[in-house]
Amino acid sequence: MSNRQRREATQQPPTRSDRAVMWRGTRFTLPTADTFPLAAMEAEEEGRHLAALRLILGDAQYRTWRSMASTAADAEDFSRSVMRELGRGNP
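Residues numbered from 1 in each chain as written. Predicted model: local features only at pLDDT ≥ 70, side-chain atom pairs only at ≥ 80, totals over all residues. Heavy atoms only, no water.

Engineer: Please clarify how the packing of helix α2 (residues 38–45) against helix α3 (residues 49–57) should be interpreted in this entry.
Structural biologist: How two helices sit against one another is set out by the angle between their axes and by the gap between those axes. Where α2 contacts α3, the two axes come as close as 7 Å, and the packing angle between them is 165 degrees. Relative to α3, the element α2 lies roughly antiparallel. Of the two elements, α2 crosses α3, and the hand of that crossing is left-handed. Along its contact with α2, which presents Ala-39, Ala-40, Ala-43 and Glu-44, the element α3 presents His-49, Ala-51, Ala-52, Leu-55 and Ile-56. The residue makeup of the contact of α2 with α3, split by class, is 7 nonpolar, 1 polar and 1 charged. (Axes fitted to C-alpha atoms, helices over the stretch in contact; angles between N-to-C directions. Helix = DSSP H or I, 4+ residues; strand = E, 2+ residues; numbered from the N terminus. Parallel < 35°, antiparallel > 145°, perpendicular 65-115°, else oblique. Left-handed = near helix turned anticlockwise from the far one by under 90°. Contact = heavy atoms within 4.5 Å. Nonpolar A, V, L, I, M, F, W, Y, C, P; charged D, E, K, R; others polar.)

Engineer: Is there a simple way to explain unusual backbone geometry in this structure?
Structural biologist: With phi around 50 degrees, Arg-24 is a residue other than glycine that occupies positive phi space. For Arg-24, the position within the fold is in the loop between β1 (20–23) and β2 (26–29). Arg-24 gets classed as partly exposed once you look at its relative accessible area, which sits at 49%. (Buried < 20%, exposed > 50% of the residue type's maximum accessible area, 1.4 Å probe, protein only.)

Shown next, in the form of C-alpha cells:
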C-alpha cells in the first residue's frame, strides 16, 4: 500500500513528509503539488522523461537513483512507484 493509499484509508491529509517513495530500500522525497517544477512538466510533454525525473528528484537524489538503475525496466519500475505515490497513472 502506498503512502497516498494509506492516507486515503485513514482520511489523513497529505503532509510534506508523506511525499516520498521507497524504491529498493532507498527513500526518495518528492515535491508537493505546490512546489512541483514546471520545467519537469514541460520535459515530460516533450518526451524527455529522464530530464523530467532529474528535475523532480533534484541532482543529488537523481545521482543516487541513477547509481541503482541500469536498465529501461528499472526506470519504468521506479516511474510506476513515483506515479502511484503522486496519485497518477495505474495503481
